[in-house]
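Topology and contacts: notes
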Amino acid sequence: MKRKLIVSVLLALLVNGVAWACTNMIVGRKASVDGSVIVSYSADSYGMYGYLCHYPAGKHAKGEMMDIYNWDSGQYMGQIAQAAETYNVIGNINEYQLTIAETTFGGREELCDTTAIMDYGSLIYVTLQRARTAKEAIKVMGELVKEYGYASEGESFSIADPNEAWIMEMIGKGPGIKGAVWVAVRIPDDCIAAHANQSRICQFPLDDKENCLYSPDVISFAREKGYFNGANKDFSFSDAYSPLDFSGIRICDARVWSFFNMFSKTTAEAYLPYIQGQDAKRMPLYVHPDRKVSVRDIQHAMRDHYEGTPLDFTNDLAAGPFHTPYRLSPLTFKVDGQEYFNERPISTQQTGFVFVAQMRSWLPDHIGGVLWFGVDDANMTVFTPVYCHTDKVPDCYAISKADAKTFSWESAFWIYNWVADMVRPRYSLMIDDMRYVQDTLENTFEQAQAAIENTVRDLPTDQAVTFLTNYTSMTAQATIDRWKQLGEFLIVKYNDGVVKKMSITDQPAAHRINWAPVVRPGYPQEFLEKLVQSTGDRFKTF
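Heads up: these notes are all about the structure in this document.

Rules used in this analysis
- Residues numbered from 1 in each chain as written.
- Predicted model: local features only at pLDDT ≥ 70, side-chain atom pairs only at ≥ 80, totals over all residues.
- Heavy atoms only, no water.
- Helix = DSSP H or I, 4+ residues; strand = E, 2+ residues; numbered from the N terminus.
- Contact = heavy atoms within 4.5 Å.
- Disulfide = S-S within 2.5 Å.
- Buried < 20%, exposed > 50% of the residue type's maximum accessible area, 1.4 Å probe, protein only.
- Patch = residues over 30% accessible without salt bridge, like charges linked within 9 Å, V, L, I, M, F, W, Y side chains within 5 Å.
- Areas by Shrake-Rupley, 256 points an atom, 1.4 Å probe, with all protein chains shown as cover.
- Salt bridge = Lys/Arg side-chain N within 4 Å of Asp/Glu carboxyl O.
- Phe/Tyr/Trp six-rings, centres within 6.5 Å; stacked < 30°, edge-to-face > 60°.
- Lys NZ or Arg CZ within 6 Å of the ring centre and 35° of its normal.
- Pairing = 2+ DSSP bridges.

A few words now on the environment of Gly179. Its location among the elements puts Gly179 in the loop between β12 (165–172) and β13 (180–187). Counting along the chain gives 44 residues from Gly179 to Arg223, while the straight-line C-alpha distance between them is 17 Å. Among all residues touching Gly179, those that are not within four sequence positions of it are Val145, Lys146, Gly149, Tyr150, Gly172 and Lys173.

Okay, structure coming up:
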């Protein structure tokens, strides 16, 4: 396997200030503990400000137009015809529990049409306002790019409703050529799947409209461009439009492998050689899990750093004395002319926002759809419940409170970043204090879920929506208030590199004190041994 990175693409992304590197996980309804369809998403990009978006439902006059802005850059792209009716959208879920997420795979650079109107982000949020089911969303997305063009690079979309989940992959046709080529494959109900910045759909059934949809020219266009010349049955979307390279395997598909490793050990063992560049046999698009998967399982999976696997990087030199599972960007670096890379796990510090969407067919939509939402790194955020009919963004999640260049104590994004930036440098010392608060809050929300939903089940829909909207805001704000207290606690306990003898569960002192007993932890023994090896006798006492 040729070990080559798409250096030109990475450089272009860095120059433009956009570094796509997201992760999606999918769980079919028969693969989940409670029958939910589950989709997760981390929006990973350095410089991104994480917030919760909202598009209210509405009725629109014939001839009304809608302005389209590029989701990444904010650039005005043009106008499209407005739909007669649009649905309430909160984050990446709408009032019918439809959820859409994405990861960018880039693919063939010459197929990006920057002159088109619909970029991947506007395509997601416009479709959420217009579609009720996953299949309808696929149809709407295909029609939108056919009429207005597709302005982004290659994209993998997770599209799910309370009954089914699909992966749709799309790429444009080049500058000035309207439309896109695409394929969508349904994930079997008893399976799990994932994608992480590498096209994952290879061969697909050509005559199974219940489980596979595609643009009519997806194969003929590849032939026309010289990307494919075999029999139709052998056509691979990924091989034609997003050929594998080292980055696609080791930096992107490795995250999918890590997800499979959590829930399908046989699959993970079989495909570890592929991830390590020793075998060209690719991983399947979806697998059967060893056990049923819960929402909490997926929340934890979004926090993964390859711990306990052959890809674990928490014990090398760059992890430092306190075993931090983070690496500074960029992903690649050179020493003596040789290029090297940093691991890129599922959880990463540059996340803007993250969610785990839960869709339940046996409940009314306003109760059944929950976006478990957080801002900043999944590992150091708290997933709070956002019900899909929520018609008001919690203040702490609103874009109005701050931005990428403006700090605010009222912004959840900046509060989470403040705490995370304290924890990372002394990770192994401080993570348990953070994890205690995180687990306490998330366990509380999970345990309260059934009672909250039973409370509103018999209410008129408008009253139930008001109740759940208020509950969404209350849990978000209470979490941020508690996270501020955590930050204050960490500053006090770990001040000046020592550790005060205090616990996260301690009550405040009844009187003022000017001294507290401390522990001076120094550095772990294994780090000290490495230090002596590298410095010799320089620090030896005499």
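To continue, consider the state of the cysteines. In protein structure, a disulfide is the covalent linkage between the sulfur atoms of two cysteines. Across all of its chains, the model carries zero disulfides by this definition. There is no disulfide at Cys22, and the cysteine sulfur nearest it, in Cys252, is 11 Å away. A relative accessible area of 5% places Cys22 in the buried class.

The grouping of Phe333, Val335 and Tyr340 at the surface amounts to a nonpolar patch, some 260 Å² of accessible area in total. One can find Val335 in strand β17 (residues 332–335). Using a relative accessible area of 41% as the deciding quantity, one classes Val335 as partly exposed.

Before going further, it helps to spend a moment on the packing of aromatic side chains. Throughout the structure, instances matching the rule amount to 32 aromatic pairs. The interplanar angle of 75° and the centroid separation of 5.1 Å between the aromatic rings of Phe246 and Phe341 together place this pair among those described as edge-to-face. Here Phe341 lies in strand β18 (residues 338–341) and Phe246 lies in helix α6 (residues 246–263), a separation of 95 residues in the sequence. Judged by relative accessible area, Phe341 falls into the partly exposed class, the value being 22%. With centroids separated by 5.2 Å and ring planes inclined at 40°, the aromatic side chains of Tyr523 and Phe527 adopt a geometry described as tilted. By way of ring pairs, the aromatic residues Tyr41, Tyr55, Trp71, Tyr120, Tyr125, Phe353, Phe355, Phe373 and Tyr397 are connected into one cluster. Taking NZ or CZ as reference, Arg108 lies 3.9 Å from the ring centre of Tyr227, over its face. The cationic tip of Lys173 hangs over the ring face of Phe221; the distance from NZ or CZ to the ring centre is 5.8 Å.

Time to look at the pairing of β17. Looking at chain direction, β17 and β18 are connected through four bridges and run antiparallel. Residue pairing across strands places Lys334 opposite Glu339, the latter belonging to β18. Linkage of β17 to β18, two consecutive antiparallel strands, is achieved through a turn of two residues, within which Asp336 is found at a positive phi near 55°.

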